Amino acid sequence: MRILVTGAKGFIGKNLCLDLSQKGYSDVFEYDVDTPPELLEKYTEECDFVFHLAGVNRPQHEEDFMNGNFGFTSTLLSLLEKSGNKAPVLITSSIQAERDNPYGKSKKAGEDLMFSYGEKNGVKVLIYRLANVFGKWCRPNYNSAVATFCNNIARGLTIQVNDPSVDMRLVYIDDIVREFERALCGEETRAEDPRFCRVPELHETKLGNIVDLIYSFKESRKTLAVPDMSDGFEKKLYSTYLSYLPENDFSYPLKMNIDDRGSFTEIIRTADRGQFSVNVAKPGITKGNHWHHSKNEKFLVVSGRGVIRFRKVGENEIYEYHVSGERLEVVDIPTGYTHSIKNEGETDLITFMWANEPFDPENPDTFFMEV
C-alpha cells in the first residue's frame, strides 16, 4: 500500500510515519513544507491512502489560519480529483471546529470541504476532531500546554496556570497512531455523529491535576516514588514528561547507606507496590539475622556467591539456599522466619531486594534474632 502523509514532520506525522515504517509499510510518501511542491502531484496520483495531517496552529497573521487549514486542503483534494484517485482521505480536525474563533473556523471549513469532496467523488473521508494531543516530540511553547508544562518543569522554569479548574480533554499520541492504523485497514472508530471518527481513548481531567502530576514526577527523584501505572492517563503523562528531560539530566544520585559491611541503597519507594533496593555485602560479611511479622521480601542475587539461611521462629532446624549471580533465582523471605544472607565469595555480593512495604521507622516490623 502506498500511503501519502502530509505534515509528515509534524508532531502527529512524525510519530505516525515512524510507526508505519516499523510495521513494514515501505511506500510512505512523506510531504511537508520543505518538500518540493511538484512531488505532491506525483504522490496524489500514486497513493492508495491519504493521511492529511498538515495544518496551521499558530500563524503570524490571522488570515493564515484559513490559508493553511483550508487552502492547502483544497489544493490536495483538487490534485486527487484531477488524477481520478479515489483513495480514502483521513484528515485531522480539532474540537475547536465547534467554536467561533479563527482557528476553529478554518478547521470547520476544511471539514466541510472534505464532506463535499467525498460526496461528489464517491470517496471515503475520515474526519477526526482531535482533543488536546500530548506525547513525545510535541513542540513546547507552541500549541500544547502539556508539552510546555513538561518542558518547563523538567528544566526548573516557571509556568503560568490561569485557572487550574479548567476541564481538559486529551488524547495520547500512541492511541492516535493505533487508531489511524486501524482506519488504514478499514476499521476506524466512528463517533456518536457517524460523519466523524474518534480516538476511543479519551482522557478528561482538570488542568490543575495535570500540573500537580508533572510536579510530582519531578519530585519523584527525591521521594523515590513512581506514578500510578494502573491509571492510564498518569502512565502516559509520565512517559511524556520523561521525553522532555534535558539530555544532561537523565541520571540522578541515590542515597547510599554505607558501613564497613557494604551498603544498602533504596531505588524505588511506593505506597502500594513496596520498596526496591540494592544490598551490597563484602566478602565474609553476614547481613540480616532478623524476622518479620507481616513484612515479606524477595531476594535476587545478581553478582557474587552467597548463602541465605532460614530458621522458623521457635524451632531449631536451619534451611540453606546457596545463591549466585551465575544462576538468577528469586528467594522468597516468608514471615515468621529469621533469616540472613552471607557472602561466601571473594567479591562483593550484590542482591536486589523487594519488600512488600516501604520501611517505616515508627513500625519497622523487624526483630533481631540469630539464625
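Structure shown above.
Quick look at the structure, then. (Residues numbered from 1 in each chain as written. Predicted model: local features only at pLDDT ≥ 70, side-chain atom pairs only at ≥ 80, totals over all residues. Heavy atoms only, no water.)

Overview of the sheet that holds strand β2 (residues 28–31)
Moving on, step 1. In space, the five strands of this open sheet follow the order β2-β1-β3-β4-β5, with parallel pairing throughout. Where the open sheet ends on each side, the last strands, each with one partner, are β2 and β5 (125–130). If you compare each strand with its neighbour and ignore which way they point, the axes differ by 15° on average.
Moving on, step 2. Alignment of strand β3 (residues 49–52) against strand β4 (residues 89–94), held across three bridges, turns out to be parallel. Across the sheet, residue Phe51 finds its bridge partner in β4, namely Leu90.
Moving on, step 3. Contacts from helix α1 (residues 11–22) reach β1 (3–6), β2, β3 and β5, with the element oriented near 160° to β2.
Moving on, step 4. Running over the sheet, helix α2 (residues 38–46) touches β1 and β2 and is turned about 150° from β2. (Pairing = 2+ DSSP bridges. Helix = DSSP H or I, 4+ residues; strand = E, 2+ residues; numbered from the N terminus. Axes fitted to C-alpha atoms, helices over the stretch in contact; angles between N-to-C directions. Contact = heavy atoms within 4.5 Å.)

Observations regarding the sheet that holds strand β11 (residues 274–281)
Moving on, step 1. Pairing within the open sheet is antiparallel, and its six strands lie in the order β9-β10-β11-β18-β13-β16. Where the open sheet ends on each side, the last strands, each with one partner, are β9 (256–259) and β16 (330–333). In this sheet, adjacent strand axes meet at a mean angle of 20° when their direction is disregarded.
Moving on, step 2. Both strand β13 (residues 297–303) and β16 contribute to a ladder of four bridges, which runs antiparallel. By the bridge assignment, Phe299 is partnered in β16 with Val331.

As for the pattern of salt bridges
Moving on, step 1. Taken as a whole and assessed by the stated rule, the structure comprises 25 salt bridges.
Moving on, step 2. With its nearest N and O atoms 3.5 Å apart, the salt bridge here joins Asp174 to Lys136. Taken together, the residues Asp174 in helix α6 (residues 173–184) and Lys136 in the loop between β6 (132–134) and α5 (145–154) connect sequence positions 38 residues apart.
Moving on, step 3. The class of Asp174 is partly exposed, set by a relative accessible area of 27%.
Moving on, step 4. Lys136 sits in the partly exposed class, given a relative accessible area of 27%. (Salt bridge = Lys/Arg side-chain N within 4 Å of Asp/Glu carboxyl O. Buried < 20%, exposed > 50% of the residue type's maximum accessible area, 1.4 Å probe, protein only.)

Section: the packing of aromatic side chains
Moving on, step 1. A full pass over the atoms with the stated rule returns 14 aromatic pairs.
Moving on, step 2. Geometrically, the ring pair formed by Phe51 and Phe180 is stacked, given 5.9 Å between the ring centres and 25° between the ring planes. Of this pair, Phe51 sits in strand β3 while Phe180 sits in helix α6, and the two are 129 residues apart along the sequence.
Moving on, step 3. Phe51 sits in the buried class, given a relative accessible area of 0%.
Moving on, step 4. One aromatic cluster in this structure is built from Phe49, Phe51, Tyr128 and Phe180. (Phe/Tyr/Trp six-rings, centres within 6.5 Å; stacked < 30°, edge-to-face > 60°.)

Considerations on the side chain of Ser277
Moving on, step 1. Assignment of secondary structure puts Ser277 in strand β11.
Moving on, step 2. In this structure Ser277 comes out as buried when scored by relative accessible area, which is 2%.
Moving on, step 3. Looking at Ser277, its side chain comes within polar contact range of the side chain of Gln275, at 3.3 Å.
Moving on, step 4. For Ser277, the contacting residues outside a window of four places in its chain are Phe264, Thr265, Glu266, Ile267, Thr351, Phe352 and Met353. (Polar contact = N/O pair within 3.5 Å; in protein donor to acceptor, adjacent residues only side chain to side chain.)

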